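The residues making up each chain are set out below.
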Amino acid sequence: MNDSKRERFKRLAELRGNRIINDLRLLGNLSNKSNYSYTNEEVKTIFEAIDEELKTTKQSFKKLNKRRISL
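Residues numbered from 1 in each chain as written. Predicted model: local features only at pLDDT ≥ 70, side-chain atom pairs only at ≥ 80, totals over all residues. Heavy atoms only, no water.

**What to know about the overall build of the protein**
What counts is decided by this rule: Helical segments are the DSSP runs of H or I of at least four residues, strand segments are the runs of E of at least two, and each set is numbered from the N terminus. Here the term buried applies to any residue with accessible area under 20% of the maximum for its type, exposed to any over 50%, and partly exposed to those in between, with areas from a 1.4 Å probe on protein chains only. All accessible areas in this document rest on Shrake-Rupley with a 1.4 Å probe, and a residue is counted as covered only by the protein chains that are shown. Charge counting follows a simple rule: Lys and Arg are positive, Asp and Glu are negative, and His as well as the terminal groups are ignored. Lys charges are placed at NZ, Arg charges at CZ, Asp charges at CG and Glu charges at CD.
A tally of regular secondary structure across the protein gives 2 helices and 0 strands. Referenced to the eigenvectors of the C-alpha coordinate spread, the extents of the protein come out at roughly 60 × 45 × 10 Å. Looking at the protein residue by residue over its 71 residues, the buried ones come to 0%. For the protein, the accessible surface area stands at approximately 7,300 Å², while carbon and sulfur atoms represent 54% of it. Here the protein contributes 17 positively and 10 negatively charged side chains, and the mean placements of these two sets differ by 10 Å.

**Brief notes about the environment of Asn22**
Inspection of the secondary structure assignment puts Asn22 in helix H1 (residues 5-29). Overall, the relative accessible area of 39% leaves Asn22 in the partly exposed class. Residues Asn22 and Lys55, spaced 33 residues apart in sequence, show a C-alpha to C-alpha distance of 19 Å.

**Focus: the environment of Leu24**
As for its placement among the helices and strands, Leu24 is situated in helix H1. Owing to a relative accessible area of 41%, Leu24 belongs among the partly exposed residues under this scheme. Expressed as a C-alpha distance, the spacing of Leu24 and Ser60, which sit 36 residues apart in the sequence, is 21 Å.

**Considering the packing of aromatic side chains**
Worth spelling out the cut-off: Here is the rule: rings of Phe, Tyr and Trp (six-membered ring for Trp) pair when centre to centre is within 6.5 Å. Planes less than 30 degrees apart are stacked, more than 60 are edge-to-face, and the remainder are tilted. As a reminder, the over-ring test applies to NZ of lysine and CZ of arginine, requiring each to be within 6 Å of the ring centre and within 35 degrees of the ring normal.
Under the defined criterion, the tally for this structure stands at 0 aromatic pairs. Directly above the ring of Tyr38 sits Lys33, whose terminal nitrogen or CZ lies 4.2 Å from the centroid.

**Describing the environment of Lys33**
Selection rule: Whenever a nitrogen or oxygen atom comes within 3.5 Å of another N or O atom, the pair is scored as a polar contact, on the condition that within protein one atom can donate a hydrogen and the other can accept it, and that pairs from neighbouring residues in sequence are kept only if both atoms are in side chains.
Counting through the fold element by element, Lys33 comes out in the loop between H1 and helix H2 (40-61). In sequence terms Lys33 and Ala13 are 20 residues apart; their C-alpha atoms lie 33 Å from each other. Polar contacts involving the side chain of Lys33 include one to the main-chain carbonyl oxygen of Tyr38, which spans 3.3 Å.

**Some points on the packing of H1 against H2**
For the record, the criterion: Every axis corresponds to a line fitted to the C-alpha atoms, with the helix fit spanning only the stretch in contact, and the corresponding angles, defined between N-to-C directions, vary from 0 to 180 degrees. Each angle gets one of four labels, with under 35 degrees taken as roughly parallel, over 145 as roughly antiparallel, 65 to 115 as roughly perpendicular, and the rest as oblique. Left-handed describes a crossing whose near helix is turned anticlockwise from the far helix through less than a right angle; right-handed describes the clockwise counterpart. Contact between two residues is taken to exist if any of their heavy atoms lie within 4.5 Å; hydrogens are not considered. Just so you know the grouping, Ala, Val, Leu, Ile, Met, Phe, Trp, Tyr, Cys and Pro go in nonpolar, Asp, Glu, Lys and Arg go in charged, and all remaining residues, Gly too, go in polar.
Direction vectors running N to C along H1 and H2 enclose 165°, while the axes themselves pass 13 Å from each other. Judged on the interaxial angle alone, H2 and H1 are roughly antiparallel. In the crossing of H1 with H2, the sense of the turn from one axis to the other is left-handed. Only Ile46, Phe47, Ile50 and Phe61 of H2 make contact with H1, whose side of the interface consists of Phe9, Leu24 and Leu27. Class assignment for the residues of the contact of H1 with H2 results in 7 nonpolar, no polar and no charged.

As structure tokens, this is what we get:
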């Protein structure tokens, strides 16, 4: 495959992004109390982990140039 870096990024970002969105929808299906039993603490644990991973991933896309020397 002779994809450019940009084309590869776009292709993979779309595939992976859509997979994440689909998985979140599937996770949402678990909220149906007539089919599943869960505690608020379990739900909190799930979303804390998701929120933390999302935060980490967002940070990896930011260009942080905080290293500076001032004399």
